[in-house]
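Chain by chain, the residues:
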Amino acid sequence: MSTAITKWLRFRHAGSTGFGTLTSSGISVHEGEMFGRNAATGKILALTEVELLAPCAPSKIVALWNNFHALAAKLNQPEPPEPLYLLKATTTITTPGAVIRRPSYYDGKTTYEGELGIVIGKTCARVSPDEANGFIFGYTCVNDITANDILTNDPTFPQWARAKGIDDYGPFGPVIATGLDPAKLTVRTILNGAERQNYPISDMIFSAQALVSKISHDMTLLPGDLIAVGTSVGVGVMKEPVNTVTVAIDGIGELTNEFRL
């Protein structure tokens, strides 16, 4: 993979939605399509001039469970022979910096889950692991927020989709970084100023390339689709009336949101 890292983002400016790359002087505005032909327009916008949006609009969000050796060991769970995943509603997407509120009907525990996200760049079906990098556009930060008590409150049916599908419970961004080797990345999650997660992506049971390959044999992945690769040790409950959560991955950036009980 290229060693040159490019950070792509989407924004709203003067009533219109646009996209571009992050530079030392601001946002280099592009025209065309992020996942197709595009070119810089020569216009530069300051970050203070725009509202950042989620960096892409996935048709689906695939979220992994039990994909790290360390977490499987801690939970005393067997390591799965194939990826275990759910689909997370696209209405969970919200903007970097957004305030997220617990639903009024729910007073149970809610956890943060700092994760790496894979963003697909080209229509992808039944590809091999060796081919997968050609279909990965880049990587982003994800907070896969979960309403834990909903997940387990019916003994006959674990409610993964509902527990993780609440509006705004899937922030990601603020950028999609290209030119990275995901196996060299580390995910950190900071809750109210205290680091709670710090784990290497290299500990994944299924690598980024293996995930794209295996999932693409089940379903066609489309440009902009997001795969949240799962989380590791350090997941915790957000207990304060106002909680500031940052998912930080060196080379990508920091996703910060506020969660209110």
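Above this text sits the structure in question.
Source: prediction; values computed, not measured.

A word on the sheet that holds strand E9 (residues 110–112)
Two strands in a sheet stick together by hydrogen bonds in their backbones, pointing the same way (parallel) or opposite ways (antiparallel).
Here is step 1: Spatially, E12-E9-E17 is the arrangement adopted by the three strands of the open sheet, whose pairing is antiparallel. One side of each edge strand has no neighbouring strand; the edge strands of this open sheet are strand E12 (146–147) and strand E17 (236–237).
Here is step 2: Direction of pairing for E9 relative to E12: antiparallel, over a ladder of two bridges. Bridge pairing in E12 places Thr111 opposite Thr146.

Some thoughts on the sheet that holds strand E19 (residues 253–260)
Here is step 1: As summarised here, the arrangement of the five strands in space is E8-E19-E18-E14-E15, forming an open sheet in which the pairing is mixed. What marks the edges here is a single partner per strand, and that holds for strand E8 (99–101) and strand E15 (194–200). This sheet shows a mean twist of 20° between the axes of neighbouring strands, independent of strand direction.
Here is step 2: Looking at chain direction, strand E18 (residues 242–249) and E19 are connected through eight bridges and run antiparallel. Each bridged residue has a counterpart across the sheet, and for Val247 the counterpart in E19 is Leu255.

Here we look at the packing of aromatic side chains
Here is step 1: Applying the stated rule across the entire model yields six aromatic pairs.
Here is step 2: Ring geometry for Phe35 against Phe137: centres 4.9 Å apart, planes inclined by 80°, an arrangement best described as edge-to-face. One end of the pair, Phe35, is in the loop between strand E3 (26–32) and strand E4 (38–45); the other, Phe137, is in strand E11 (residues 136–143), with 102 residues separating them in the sequence.
Here is step 3: Since its relative accessible area comes to 25%, Phe35 is described here as partly exposed.
Here is step 4: An aromatic cluster is defined as three or more aromatic residues linked by ring pairs; in this entry it consists of Trp8, Phe19, Phe35 and Phe137.
Here is step 5: Seen from the ring of Phe135, Lys122 lies directly overhead, with NZ or CZ sitting 5.0 Å from the centre.

Here's the deal with the pairing of strand E6 (residues 61–65)
Here is step 1: Across the five residues of E6, four count as buried, placing the element largely inside the fold.
Here is step 2: Relative to strand E16 (residues 226–228), E6 runs parallel, the two sharing three bridges. Paired with Ala63 across the strands is Ala228, a residue of E16.

Quick look at the environment of Phe172
Here is step 1: Positionally, Phe172 belongs in strand E13 (residues 172–178).
Here is step 2: Not counting residues up to four positions away in its chain, the partners in contact with Phe172 are Ala54, Pro55, Cys56, Pro58, Ile93, Thr94, Pro96, Thr140, Cys141, Val142, Leu226 and Leu255.

Points about the environment of Ile93
Here is step 1: Along the polypeptide, Ile93 turns up in the loop between strand E7 (84–88) and E8.
Here is step 2: The partly exposed category is assigned to Ile93, whose relative accessible area is 22%.
Here is step 3: Sequence separation between Ile93 and Cys56 is 37 residues, and the spatial gap between their C-alpha atoms is 9.9 Å.
Here is step 4: Those residues in contact with Ile93 that sit more than four places away from it in its chain are Ala54, Pro58, Ile61, Asp168, Gly170 and Phe172.

Quick word on empty space enclosed by the protein
Rolling a probe over the atoms, with the probe sized like a water molecule, indicates the empty space that remains.
Here is step 1: Across all of its chains, the model carries one cavity of 30 Å³ or more by this definition.
Here is step 2: Computed from the structure, the largest cavity encloses a volume of approximately 30 Å³.
Here is step 3: A breakdown of the residues in the lining of the largest cavity according to their chemical character gives four nonpolar, one polar and two charged.

Quick look at the nonpolar core
Here is step 1: Judged by nonpolar contacts, the single largest core of 42 residues is most densely connected at Leu116, Ile118, Ile201, Val212, Ile227 and Ile252.
Here is step 2: Listed by contribution, the elements that provide at least two residues to this core are strand E1 (6–13), E3, E6, strand E10 (114–120), E11, E13, helix H5 (208–218) and E18.
Here is step 3: It is H5 that contributes the most residues to this core, five residues altogether.
Here is step 4: The contact partners of Ile118, leaving out residues within four places of it in the chain, are Ile136, Gly138, Tyr139, Ala208, Leu211, Val212, Asp225, Leu226, Ile227 and Val229.

Rules used throughout
- Residues numbered from 1 in each chain as written.
- Predicted model: local features only at pLDDT ≥ 70, side-chain atom pairs only at ≥ 80, totals over all residues.
- Heavy atoms only, no water.
- Pairing = 2+ DSSP bridges.
- Helix = DSSP H or I, 4+ residues; strand = E, 2+ residues; numbered from the N terminus.
- Axes fitted to C-alpha atoms, helices over the stretch in contact; angles between N-to-C directions.
- Phe/Tyr/Trp six-rings, centres within 6.5 Å; stacked < 30°, edge-to-face > 60°.
- Buried < 20%, exposed > 50% of the residue type's maximum accessible area, 1.4 Å probe, protein only.
- Lys NZ or Arg CZ within 6 Å of the ring centre and 35° of its normal.
- Contact = heavy atoms within 4.5 Å.
- 1 Å grid on protein atoms, 1.4 Å probe; cavity = no way out; pocket = protein on both sides within 12 Å on 5 of 7 lines; lining within 4 Å.
- Points joined across faces, edges and corners; volume = space filled by probe spheres on them.
- Nonpolar A, V, L, I, M, F, W, Y, C, P; charged D, E, K, R; others polar.
- Core = buried A, V, L, I, M, F, W, Y, C linked by side-chain atoms within 4.5 Å.

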